[in-house]
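# Fold and contact review
Residues per chain are reported as follows:
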Amino acid sequence: MSGAPYRVAVVGATGQVGGVLLALLAERSFPVSEIVPFASSRSAGRMVGEGLVVQPLTEETIQGFDLALFSAGGATSRAWSPRFAAAGAVVVDNSSAFRMDPDVPLVVSEVNPDDLAAHRGIVANPNCSTMQMVVALRPIQLAAGIERLVVTTFQAVSGTGKNAVDTLRAQAGGVLSGDGAGDAGPYAHQIAFNALPQAGSFAEGDDHTDEERKLINETKKILGDDTIRVSPTCVRVPVVNGHSESVTIETRAPLSADDARELLRSAPGIVVLDDPAAGSYPMAIDADGEDPVYVGRIRQDPGHPQALSLWIVADNLRKGAALNAVQLAEVLHERGLVGARVA
Ligand SMILES: NC(=O)c1ccc[n+]([C@@H]2O[C@H](COP(=O)([O-])OP(=O)(O)OC[C@H]3O[C@@H](n4cnc5c(N)ncnc54)[C@H](OP(=O)(O)O)[C@@H]3O)[C@@H](O)[C@H]2O)c1
């Protein structure tokens with residue numbers, strides 16, 4: 001069963017993720033009859049992509065879609081995703097609004113695509129740092145099980161939004177010209193030439209950020225194992241685009257670094273770059289604009305008899321957001337799930 005080509009809404013089309021969504025729909029030849037971009041009322045009438053005119057979100061403009069790809073923040077998703085779904089669209093939502101809702105599948109295309117079959121009109125796209133990590137973890141989980149993860153992330157400013165990229169550029173220019181960093185923008189402190197041990201915000205009484213909580217909760221949901229123990233520290237670094245992660249994995253059964261490297265080499269969505277003595281390992285500047293999740297520094301943890309350490313890098317706007325959303329749309333299409341939903 002296929003209703004393709006589809007009428008597709010891109011909500012948040014003027015943003016960073018929205019821009020990549022529009023580019024990827026064209027690049028990957030997703031079967032569309034029409035793409036309609038949406039953003040805030042501030043942007044209505046603006047042109048994006050290939051001559052598309054941005055629409056405001058109203059009860060009238062949201063009618064008649066097969067798919068709606070959302071990247072406009074949690075508040076917009078909470079307000080408008082259910083309305084698109086009620087009007088007949090399947091929503092793929094990039095925000096955190098529905099990710100932990102037990103009725104909403106949280107899906108990474110290479111990891112748990114079968115979970116899409118249970119959708120009721122809304123599918124959640126995971127948080128960027130979780131997304132790239134679970135792509136690399138899945139083959140290891142299937143081979144040896146995962147007992148515990150110790151994760152430190154080095155997250156690019158593009159993960160905060162386009163205003164954060166502008167802030168980093170302005171601060172770097174100000175510092176280099178001797179004028180000083182100026183405004184901290186969306187962060188608590190200067191981000192240029194600095195590393196902030198705070199990605200996200202602290203809810204009252206919580207000593208972990210919401211970003212760290214997402215990494216814990218979403219990892220368990222996507223990997224389908226509530227018993228995995230996750231110990232995260234999420235750090236914001238002055239990188240424009242591309243998240244890097246140091247991940248130590250305590251496995252349930254023994255797995256050598258060589259075997260893990262071979263598993264990862266043949267896993268979908270992954271490129272292994274692992275000749276560290278020759279300077280070959282993943283780096284954010286190389287992942288920027290690319291689709292794969294890059295994995296390197298694959299090694300035995302000298303501090304634990306049954307643990308491996310990895311360095312995982314991906315473009316947070318592509319695999320961490322827009323690419324996975326389009327891949328989910330592709331799986332929904334291939335499996336005849338665009339018009340179908342669980343009641
Ligand atoms: N950046 C990442 O790495 C990443 C990764 C995973 C998920 N996400 C999620 O994706 C979403 C967007 O991120 P981004 O980096 O693309 O942000 P962004 O560059 O700041 O873009 C935000 C988009 O949301 C739109 N928007 C804001 N308020 C709106 C409203 N009231 N009604 C309709 N549209 C509204 C904006 O439209 P205007 O231009 O009109 O303001 C813009 O198109 C967020 O939910 C974020 O958590 C981001």
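Shown above is the structure to which this text applies.
Here's a quick rundown of the structure.

How each quantity is defined
Residues numbered from 1 in each chain as written. Predicted model: local features only at pLDDT ≥ 70, side-chain atom pairs only at ≥ 80, totals over all residues. Heavy atoms only, no water. Helix = DSSP H or I, 4+ residues; strand = E, 2+ residues; numbered from the N terminus. Rg over C-alpha atoms; globule rule 2.2 N^0.38 Å. Buried < 20%, exposed > 50% of the residue type's maximum accessible area, 1.4 Å probe, protein only. Contact = heavy atoms within 4.5 Å. Lys, Arg positive; Asp, Glu negative; His and termini not counted. Charge placed at Lys NZ, Arg CZ, Asp CG, Glu CD. Arc of directions from axis to C-beta. Pairing = 2+ DSSP bridges. Axes fitted to C-alpha atoms, helices over the stretch in contact; angles between N-to-C directions. Near = heavy atom within 4 Å. Polar contact = N/O pair within 3.5 Å; in protein donor to acceptor, adjacent residues only side chain to side chain. Areas by Shrake-Rupley, 256 points an atom, 1.4 Å probe, with all protein chains shown as cover. Salt bridge = Lys/Arg side-chain N within 4 Å of Asp/Glu carboxyl O. Disulfide = S-S within 2.5 Å. Core = buried A, V, L, I, M, F, W, Y, C linked by side-chain atoms within 4.5 Å.

## A few points about the overall build of the chain
Looking only at helices and strands, one finds 8 helices and 13 strands in the chain. A globule of 343 residues ought to have a C-alpha radius of gyration of about 20 Å, and the chain, at 20 Å, matches this closely. With the C-alpha coordinates aligned to their principal axes, the bounding extent of the chain is approximately 60 × 55 × 45 Å. Here the chain holds 343 residues, and 52% of them are scored as buried. Long-range pairs, those at least 24 residues apart, make up 68% of the contacts in the chain with a sequence separation of at least 6. Within the chain, the 40 negative side-chain charges are centred at a point lying 3 Å from the centre of the 27 positive side-chain charges.

## Description of helix 6 (residues 257-265)
Buried within helix 6 are the following residues: Ala257, Ala260, Arg261 and Leu264. Take helix 6 and look down its axis: the buried residues cluster within an arc of 100°, on one side only. Buried-residue contacts for helix 6 involve helix 3 (128-144), strand 11 (270-272), strand 12 (293-300) and strand 13 (307-314).

## Remarks on the sheet that holds strand 10 (residues 243-251)
The strand order across the open sheet formed by 6 strands is 9-8-10-13-12-11, and the pairing between neighbours is mixed. One side of each edge strand has no neighbouring strand; the edge strands of this open sheet are strand 9 (229-236) and strand 11. Sheet twist, expressed as the average angle between the axes of neighbouring strands with direction ignored, equals 20°. Here 8 bridges tie strand 8 (residues 146-155) to strand 10, and the two strands are oriented antiparallel to one another. Looking at the pairing, Phe154 lines up with Ser244 of strand 10. Those strands touched by helix 5 (residues 210-223) are strand 8 and strand 9, and its axis lies near 135° from that of strand 9.

## Observations regarding the site of the ligand
The ligand sits among 26 residues. The nearest are Thr14, Gln16, Ser40, Arg42 and Ser43. Within the side chain of Ser43, an N or O atom sits 2.4 Å from an oxygen atom of the ligand. Its free accessible area being 900 Å², the ligand has 79% of it covered by the protein chains. Of all elements in the fold, only helix 1 (16-27) and helix 8 (318-334) reach the threshold of two or more residues within the shell around the ligand.

## Structural notes on the sheet that holds strand 5 (residues 67-70)
Reading across the sheet, the 5 strands line up as 2-1-5-6-7 and stay open at both edges, with parallel pairing between neighbours. Single-partner strands in this sheet number two, and they are strand 2 (32-38) and strand 7 (122-124). Each neighbouring strand pair of the sheet contributes to a mean axis angle of 20°, computed without reference to strand direction. Sheet strands touched by helix 1: strand 1 (6-11), strand 2 and strand 5. Its angle to strand 1, the strand with the most contacts, is close to 160°.

## Details of the pattern of salt bridges
According to the stated counting rule, one finds 15 salt bridges in the structure shown. Between Arg252 and Glu147 there is a salt bridge, with its nearest N and O atoms 3.0 Å apart. One end of the pair, Arg252, is in the loop between strand 10 and helix 6; the other, Glu147, is in strand 8, and 105 residues separate them in sequence. Using a relative accessible area of 37% as the deciding quantity, one classes Arg252 as partly exposed.

## Notes on the state of the cysteines
Within this structure, the stated rule accounts for 0 disulfides. You can see Cys128 has no disulfide; the closest cysteine sulfur is in Cys234, sitting 9.1 Å from it. Residue Cys234 is classed as buried on the basis of its relative accessible area of 0%.

## Considering the nonpolar core
The biggest cluster of nonpolar side chains holds 56 residues, and the ones touching the most others in it are Phe84, Leu149, Leu264 and Val295. Ranked by residues supplied to this core, first place goes to helix 3 with 8 residues. Apart from the residues within four sequence positions on either side, Leu264 is in contact with Ala136, Pro139, Ile140, Ile270, Val272, Val295, Ile298 and Leu310. In terms of nonpolar packing, the next biggest core, distinct from the first, is built from 34 residues, Tyr6, Val10, Val90 and Ala329 among them.

## Some points on the environment of Gly45
On the secondary structure map, Gly45 appears in the loop between strand 2 and strand 3 (47-48). Separated by 11 residues in sequence, Gly45 and Pro56 place their C-alpha atoms 8.4 Å apart.

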